[in-house]
Every structure is written in structure tokens, then in C-alpha cells.
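Chain by chain, the residues run as shown.
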Amino acid sequence: MAAPLLELHDVVAGYGPITVLNGLSFSVAPKEKLAIIGRNGVGKTTALAAVMGLAELHGGRIAFDGEDLAGLAPHQRAARGLGLVPQTRDIFPSLTVEENLVAGLKRRPRRAIDEAYALFPRLAERRRNGGAQLSGGEQQMLSVARTLLGAPRLLLLDEPLEGLAPLIRQELLAAFARMSREHGITVVIVEQQVQEALGYADRALVLERGAVAHESSAPALREDTATLERLVGVAVH
Ligand SMILES: Nc1ncnc2c1ncn2[C@@H]1O[C@H](COP(=O)(O)OP(=O)(O)O)[C@@H](O)[C@H]1O
Ligand SMILES: [Mg+2]
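Below is a summary of the structure that appears in this document. Note that the coordinates shown come from a computational prediction; the quantities given were computed from them, not determined experimentally.

**Let's talk about the sheet that holds strand 9 (residues 203-208)**
Now for step 1: Pairing within the open sheet is mixed, and its six strands lie in the order 6-7-8-3-9-10. Looking along the sheet, the strands with just one partner apiece sit at the ends: strand 6 (82-85) and strand 10 (211-217). Shown here is a sheet whose adjacent strand axes are inclined to one another by a mean of 20°, direction ignored.
Now for step 2: Alignment of strand 9 against strand 10, held across six bridges, turns out to be antiparallel. Within the sheet, the bridge partner assigned to V206 lies in strand 10 and is H214.
Now for step 3: Seen against the sheet, helix 1 (residues 44-52) touches strand 3 (33-37), strand 6, strand 7 (154-158), strand 8 (186-190) and strand 9 and runs at an angle of roughly 150° to strand 7.

Structure, rendered in C-alpha cells:
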């Protein structure tokens, strides 16, 4: 097996005195698409935050491409190739689509914006619209596009499908699949839309109380209704 791109070993992490992750261990291979699911409050967002350096690491080890991330600030982790699309959809509502993208460019060539438009044609059509005028799905596309401008090797997506209509969810998933295929990006997706996330991912983890309660291939978990009902509480099919 190829060396993992991301590796969490026995991670204990949280916020100040609060511990959320209790011995979380998993790894992600290059170009893999990993889904992380689980009930509300089990620590899915905190797991992504720990990887980005946005939660406090109390114990264990997080390595990206073989490098221990301890002590690296979030912007240093971004420079190493980690990108997070937060659950809150970080865009500037008062700027246009194009201005949002330009603001996300940093040192990358302008051509990177055209790549983002190629991935999300809706954004190209709305390039002069204000961020606040966009639909929820378009705002999510813009949020993803902004993170992609940082040229991440590993993209962390926190509930990107939340609150979106089925057709828009399909459009986003198709763009994610294309992004992996054409740019070789490795993806960790946290989702409550379990069936759709498992349809997209290669492998899946179910978290419970800040640790991995179940791990399998995504197609296998999709069929494993007993495990889904027990650990996620979703009514399946
Ligand atoms: N900034 C924070 N400060 C303190 N506690 C937090 C913070 N963010 C989340 N938590 C707590 O950590 C736990 C896990 O939250 P989270 O990782 O957001 O779960 P999930 O994404 O799986 O719903 C929850 O009990 C939540 O209240
Ligand atoms: Mg969350």
C-alpha cells in the first residue's frame, strides 16, 4: 500500500479543557475519497479542525505527507497542501463571485480562476453577482472554489451538501468526482447525507464519542443497514 497522505494516530483533541476526540486514528491514502459519518456531536468537525490546526491537540500525532503537523499554524498547514471547506460556507457576501475568487488567489496565477469556473460553470454565469444573491448551492460551490484556489492536495469538506436540494447535491458531488479525477485531489468528506456520501466515497468511517466505531469500504457500509441504524440512526432505503 502507498504511504498515507494523512495519518492520525491516537489523537486526543478539543477546545481548551474540553476533550472531543478520544484516541482517533485513521489514515487516508493519496487520491482516496474518505467519508466520515456519525451522529451530531461525535466530533466530525473537530476531527477536521484538528487536522487544520483549529482545535487543540492534547495527545497523539497528526502527519501529512510524512510530516508531523504539531506546532504548525493553520496557514502553514494550508501552504503544505491542506484545504478546509468549513460547514459555515466562508464567502464574502458583499463581494461578487469574481471578487471572492480573486481574494482567494494569493500567489496563484489568474488561470486558477478559470479552472474553478470550468469545474463550476454556474459560478462563471454568476461571476458579477454578489455573494449574498447566490443560492445556497452556489454559495457552497463558491466556498469550495475558493479553497481549491489554494491548490490543496487534500481537501476537507465539512457537510458540503447540508440544506441543499437533491439536484444541487448531485451537481456538487459530480464536481467533486471530477475534481478528484482531473486534479488527483484526495478528499475527506464529512456528511449527514449518508447515502450520497457513501455513493461518492471509496472508504468510510463512522465516529462515535470522538473515535472510530466502524471502518469499511463505502459500498459495503452503504449496504450495511444494521450498522448504519446502530451508529448513525438513519432510516435506510
Ligand atoms: N469551539 C468549541 N468549543 C467548545 N466545544 C465545542 C466547540 N466546537 C464543538 N464543541 C463541542 O465538541 C463536540 C463535538 O462537536 P463537533 O466536532 O462539532 O461534532 P460534529 O461535527 O460531529 O457534529 C460537541 O459536544 C460540541 O458541543
Ligand atoms: Mg459538524
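**Description of the coordination of the magnesium ion (ligand 2)**
Under perfect tetrahedral coordination by four donors, a metal shows angles of 109.5 degrees; under perfect octahedral coordination by six donors, it shows angles of 90 or 180 degrees.
Now for step 1: Ligation of the magnesium ion (ligand 2) by protein atoms is provided by T45 (OG1) and Q87 (OE1), these donors lying 2.0 to 2.7 Å from the ion. Taken together, the residues span a long stretch of sequence, with T45 in helix 1 and Q87 in the loop between strand 6 and helix 3 (97-103) at a distance of 42 residues.
Now for step 2: Assessed through its relative accessible area of 34%, T45 is described here as partly exposed.

**Some details on the pattern of salt bridges**
Now for step 1: Taken as a whole and judged by the stated rule, the model has 15 salt bridges.
Now for step 2: In this structure, R80 and E67 form a salt bridge, with 2.8 Å as the shortest nitrogen-oxygen distance. Here R80, found in helix 2 (residues 74-80), pairs with E67, found in strand 5 (residues 67-68); they are 13 residues apart in sequence, far enough to count as distant.
Now for step 3: Since its relative accessible area comes to 30%, R80 is described here as partly exposed.
Now for step 4: The salt bridge involving R122 is made with E138; its shortest N-O contact spans 3.3 Å. Note that R122 is positioned in helix 5 (residues 121-125) and E138 in helix 6 (residues 136-148), a separation of 16 residues in sequence.
Now for step 5: Among the charged side chains, a network of salt bridges with common partners joins R122, E125, R126, E138 and E171.

**A few points about the environment of V206**
Now for step 1: For V206, the location among the structural elements is in strand 9.
Now for step 2: A residue is classified by how much of its surface remains accessible, and V206, at 1% relative accessible area, is buried.
Now for step 3: Spatially, the C-alpha atoms of V206 and D10 are 16 Å apart, while their sequence positions differ by 196 residues.
Now for step 4: Ignoring anything within four residues of it in the chain, the contact list for V206 reads I37, G38, A211, V212, A213, H214, L221, L231 and V232.

**Some words on the site of ligand 1**
Now for step 1: Looking at ligand 1, the residues that line it are Y15, I18, V20, R39, N40, G41, V42, G43, K44, T45 and T46.
Now for step 2: At a separation of 2.7 Å, an oxygen atom of ligand 1 approaches a polar backbone atom of G41.
Now for step 3: Broken down by secondary-structure element, the contributors of at least two residues to the shell around ligand 1 are strand 2 (18-28) and helix 1.
Now for step 4: In terms of residues, the shell around ligand 1 owes the most to one element, helix 1, which gives three residues.
Now for step 5: Partitioned by chemical class, the residues of the shell around ligand 1 number four nonpolar, five polar and two charged.

**A look at the environment of L157**
Now for step 1: For L157, the position within the fold is in strand 7.
Now for step 2: Considering only alpha carbons, one finds L157 and T147, ten residues apart in sequence, at a separation of 9.9 Å.
Now for step 3: Residue contacts for L157: discarding those within four places in its chain leaves L48, V85, V144, F176, V187, V188, I189 and V190.

Definitions and limits used
Residues numbered from 1 in each chain as written. Chains lettered and ligands numbered in written order. Predicted model: local features only at pLDDT ≥ 70, side-chain atom pairs only at ≥ 80, totals over all residues. Heavy atoms only, no water. Pairing = 2+ DSSP bridges. Helix = DSSP H or I, 4+ residues; strand = E, 2+ residues; numbered from the N terminus. Axes fitted to C-alpha atoms, helices over the stretch in contact; angles between N-to-C directions. Contact = heavy atoms within 4.5 Å. Donors = N, O, S within 2.8 Å, 3.2 Å for Na, K, Ca; no water. Buried < 20%, exposed > 50% of the residue type's maximum accessible area, 1.4 Å probe, protein only. Salt bridge = Lys/Arg side-chain N within 4 Å of Asp/Glu carboxyl O. Near = heavy atom within 4 Å. Polar contact = N/O pair within 3.5 Å; in protein donor to acceptor, adjacent residues only side chain to side chain. Nonpolar A, V, L, I, M, F, W, Y, C, P; charged D, E, K, R; others polar.

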